[in-house]
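Inside the fold
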Amino acid sequence: MKKVLLIWLLATGIASAQATAQNIALDERVPDLKIQTWLDNRQPGPAQTTYIEFFHSANPACKTSLERLKEITSKPGTKLRVIILTKESPEKIAPLLRPYLSERISVGLNAEKSFTAFGVNYLPFGVLTDARYRALWMGNSLQVNEKIIEQPTH
């Protein structure tokens, strides 16, 4: 009985820690992005829906998620823009992320403040927002798909 209780307490603790792991509440405005440097000076244009992707090159799942986001944004008629944020040095990360730049994908460099403001504790992680920067979805970037992106906004 003690083992069952211990397992239940651990599972509850882990679930509550994950629920508060990020600093975002759905349907509420997300923290402002404080990006002063954009890769190749390509700032994002306005969009109905924005996906903010937190990235680190040491995480292979982050690159997999970029491939999927590039595929989604390359479809005709997409209303999604993607902002990739990284804390890594521009010299290191530019060659890796430059192939993902497009009309719909921008890369914010030196994004330490944004990682902190969003409370990012694990990667891959992303936040889908509406045009007013209210959080519509958040979670593991490998789970985001067109159905989630195309949900009606609030």
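First, a word on what this report is: a plain description of the structure on this page. Just so it is clear, the structure is predicted and the values come from calculations on it, not from any experiment.

1. As for the overall build of the chain
- Regarding its fold elements, the chain presents 5 helices and 6 strands.
- Secondary structure elements of the chain occur, N-terminal to C-terminal, as α-β-β-α-β-α-β-α-β-β-α.
- When each of the 154 residues of the chain is scored for burial, the buried share is 41%.
- Sequence separation of at least 24 residues holds for 73% of the intrachain contacts in the chain that already meet a minimum separation of 6.
- Per element, the accessible surface of the chain, about 9000 Å² overall, is 55% carbon and sulfur.

2. Some thoughts on the environment of Ser-141
- As for its placement among the helices and strands, Ser-141 is situated in the loop between strand 6 (135-139) and helix 5 (146-149).
- Along the sequence, Ser-141 and Phe-125 sit 16 residues apart, while their C-alpha atoms lie 5.1 Å from each other.
- In this view, Ser-141 contacts Tyr-51, Glu-53, Ser-65, Arg-68, Pro-124, Phe-125 and Gly-126; residues no more than four positions away in its chain are not counted.
- A polar contact of 3.1 Å, which involves the side chain of Ser-141, links it to the side chain of Tyr-51.

3. Description of unusual backbone geometry
- Following Leu-123, the chain continues into Pro-124 via a peptide bond in cis, with omega recorded as 0 degrees.
- One non-glycine residue, Asp-40, lies in the positive phi region at around 55 degrees.
- By the secondary structure assignment, Asp-40 is in the loop between strand 1 (37-38) and strand 2 (49-55).
- Backbone geometry at Asn-110 places phi at a positive 55 degrees, although glycine is not the residue there.
- As for its position among the elements, Asn-110 is in the loop between strand 4 (105-109) and helix 4 (112-118).
- In this structure Asn-110 comes out as partly exposed when scored by relative accessible area, which is 37%.

Each value, and the rule that gives it
Residues numbered from 1 in each chain as written. Predicted model: local features only at pLDDT ≥ 70, side-chain atom pairs only at ≥ 80, totals over all residues. Heavy atoms only, no water. Helix = DSSP H or I, 4+ residues; strand = E, 2+ residues; numbered from the N terminus. Buried < 20%, exposed > 50% of the residue type's maximum accessible area, 1.4 Å probe, protein only. Contact = heavy atoms within 4.5 Å. Areas by Shrake-Rupley, 256 points an atom, 1.4 Å probe, with all protein chains shown as cover. Polar contact = N/O pair within 3.5 Å; in protein donor to acceptor, adjacent residues only side chain to side chain.

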